[in-house]
Amino acid sequence: MDIERGSVRSVLSGVRRSGTPTAAGPRTGVPRDGARRPEALLPRSRRPAAWAPAPQSTSPWILMYHSVAVEEDDPYQLTVSPERFAEQIAWLHRRGQRGVSVRELMRARAGGRADNLVGLTFDDGYADFGRFAVPILQAYGFTATAYVVADLLGRANDWDVKGPRKKLLTVQEVTELAAAGWEIGSHGLGHQALPGLPAEVLATQTRESRRALEEVVGGPVTGFCYPYGAVDLPATLAVRDAGYDYACAIAHSPLTGRYALPRCYVGDRDGAWRLRAKRGRHRLRDTVTELRRSRLAARPGRRRRAVEGDERQGSTGTRAGGGAERSGGERATRRGAGR
């Protein structure tokens, strides 16, 4: 990774900032050198939003990011350039949507106030979240959730064998982000896939990562994100028993619900029309998932077999990774997102 190649201002030079958004979002801590961070230059919204929100779907629309940086070597397609990221956030704003943390999204849904909200998540806790993503989100008054690996704070993404080494947020940076209002969630202890692990190991991965992060942020950690997007029934039960309020997965499945929220992978190729298509696809998958659930509910034997089948899939097919866009949608491959 080469995040020193330019700030948000230099990367987005020539792109005019919109006069509409306000920096109403939370602020991060002061940079170590005491200097003020350069303001992000953002695309101008071309026209006022003329978009009416659709009725609330079964599962909320949650976008899944990883790294926002300038990166030439990106074999797993985990990195979105700051310029593209700014365009994607501007697109959400033009459509009258507001990006929020999953914590805020779930609370709003419980009160029936989530029609215009979309969840923004950043897996793995890369250091470039604070450097590039936060200033852009702040400019629009958006918030987000960063899922960090409790035992690897301040280290690097050594689990990505073929990818470039990317610095992870330090303990101090995580503390500052949480104090400024950004949600910090758990991504496990050491970025280990959960399906197939013994019950005592599952309990350690979920409970101890939460305990460690709560000491860092000085408050409750209520969200979990499955490493690699790999999930099965025992993993969801372990997360629930560890006291989390929700958990993020990737794909729709028979487990889809509060402890296996599906998410939409977002990459550097995703412009306005691709994001619009992905939003429509999310609704379609929601509908299909609910139809299958209804049919399974009418046949208890089939429902049990389907859940068992999904557990096996979580232990094999999704264990290796999950989420890269390939003509059919998010797939659980080691090249993709969900890492």
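So, a few notes on the structure that sits alongside this text. Residue numbers here run from 1 along each chain, matching the order of that chain's written sequence. With the structure being a predicted model, the display of local features is reserved for residues of pLDDT at least 70 and the display and counting of side-chain atom pairs for 80 or more, all residues being used for whole-chain, interface and lining totals. With hydrogens and water stripped out, all remaining heavy atoms of the structure feed into the side-chain values.

A look at empty space enclosed by the protein
Here is step 1: Lining residues are those with an atom within 4 Å of a point, where the points come from a 1 Å grid over the protein atoms alone and group into cavities, where a 1.4 Å probe fits but cannot get out, or pockets, open sets with protein on both sides within 12 Å along at least five of seven lines. Grid points are joined across faces, edges and corners, and a volume is the space filled by probe spheres set on the points. Throughout the structure, instances matching the rule amount to two cavities of 30 Å³ or more.
Here is step 2: Put simply, the second largest cavity is a space of about 40 Å³.
Here is step 3: Surrounding the second largest cavity, D74, P75, Y76, L78, Y126, N157, D160, G163, P164 and K166 form its lining.
Here is step 4: Residues were grouped as follows: Ala, Val, Leu, Ile, Met, Phe, Trp, Tyr, Cys and Pro as nonpolar; Asp, Glu, Lys and Arg as charged; and all remaining residues, including Gly, as polar. The residue inventory of the lining of the second largest cavity, partitioned by class, reads five nonpolar, two polar and three charged.

Structural notes on the environment of A133
Here is step 1: Within the element layout of this structure, A133 appears in helix α4 (residues 128–139).
Here is step 2: It is 8.7 Å that separates the C-alpha atoms of A133 and S67, two residues lying 66 residues apart in sequence. Each helix is a run of DSSP H or I of at least 4 residues and each strand a run of E of at least 2, with the numbering of both proceeding from the N terminus.

Description of the side chain of R263
Here is step 1: Positionally, R263 belongs in the loop between β9 (246–248) and β10 (264–265).
Here is step 2: Only protein chains enter the calculation, and the probe is 1.4 Å; a residue is then buried if its accessible area is under 20% of its type maximum, exposed if over 50%, and partly exposed in between. Of the residues examined, R263 reaches a relative accessible area of 3% and is grouped as buried.
Here is step 3: A polar contact is formed between the side chain of R263 and the side chain of T121, at a distance of 3.0 Å.
Here is step 4: Pairing of N or O atoms within 3.5 Å defines a polar contact, subject to two protein rules: one partner must be a possible hydrogen donor and the other a possible acceptor, and residues neighboring in sequence count only if both atoms are side-chain atoms. At 2.8 Å, the side chain of R263 forms a polar contact with the backbone oxygen of A249.

Description of the pattern of salt bridges
Here is step 1: The term salt bridge refers to a side-chain nitrogen of Lys or Arg lying within 4 Å of a carboxyl oxygen of Asp or Glu. One pass over the full model with this rule turns up 12 salt bridges.
Here is step 2: The salt bridge partner of K278 is D270, with a shortest N-O separation of 2.6 Å. For the pair formed by K278 and D270, the shared burial category is buried.
Here is step 3: Residues R293 and E290 are paired through a salt bridge, measuring 3.0 Å at the closest nitrogen-oxygen approach. Of this pair, R293 and E290 both sit in helix α8 (residues 272–297), three residues apart, which is roughly one turn of the helix.
Here is step 4: Three or more residues are tied together by salt bridges with common partners; here these are E208, R211 and E215.

Remarks on the environment of G125
Here is step 1: As for its position among the elements, G125 is in the loop between β5 (117–122) and α4.
Here is step 2: Note on G125: relative accessible area 4%, which makes it buried.
Here is step 3: The spatial distance from the C-alpha of G125 to the C-alpha of A146 is 5.8 Å, given a sequence separation of 21 residues.
Here is step 4: By the convention used here, residues are in contact when the closest approach between their heavy atoms is within 4.5 Å. Look past the residues within four positions of G125 in its chain and what remains in contact with it is Y147, V148, L168 and L169.

Structural notes on the packing of aromatic side chains
Here is step 1: Working definition: rings of Phe, Tyr and Trp (its six-membered ring) pair if their centres are within 6.5 Å, and the pair is stacked with planes under 30 degrees apart, edge-to-face with planes over 60 apart, and tilted otherwise. Per the stated rule, a full pass over the model turns up eight aromatic pairs.
Here is step 2: Seen in terms of ring centroids, F129 and W182 are 5.9 Å apart; in terms of plane orientation they differ by 90 degrees. Their pairing is edge-to-face. In this pair, F129 is assigned in helix α4 and W182 in the loop between α5 (171–179) and β7 (183–186), connecting sequence segments 53 residues apart.
Here is step 3: F129 gets classed as buried once you look at its relative accessible area, which sits at 2%.
Here is step 4: What makes W182 buried here is its relative accessible area of 1%.
Here is step 5: Relative to F142, the ring of Y140 lies with its centre 5.9 Å away and its plane at 45 degrees, an arrangement referred to as tilted. F142 shares its class with Y140; the two are buried.
Here is step 6: Members of the aromatic cluster, joined through ring pairs, are Y65, F85, F122, F129 and W182.
Here is step 7: Here, a charge over a ring means that NZ of Lys or CZ of Arg falls within 6 Å of the ring centre while also lying within 35 degrees of the ring normal. When the ring centre of Y126 is taken as origin, the NZ or CZ atom of K166, which lies over that ring, is 5.8 Å away.
Here is step 8: One Lys or Arg, R210, reaches over the ring of Y244 and ends 5.6 Å from the middle of that ring.

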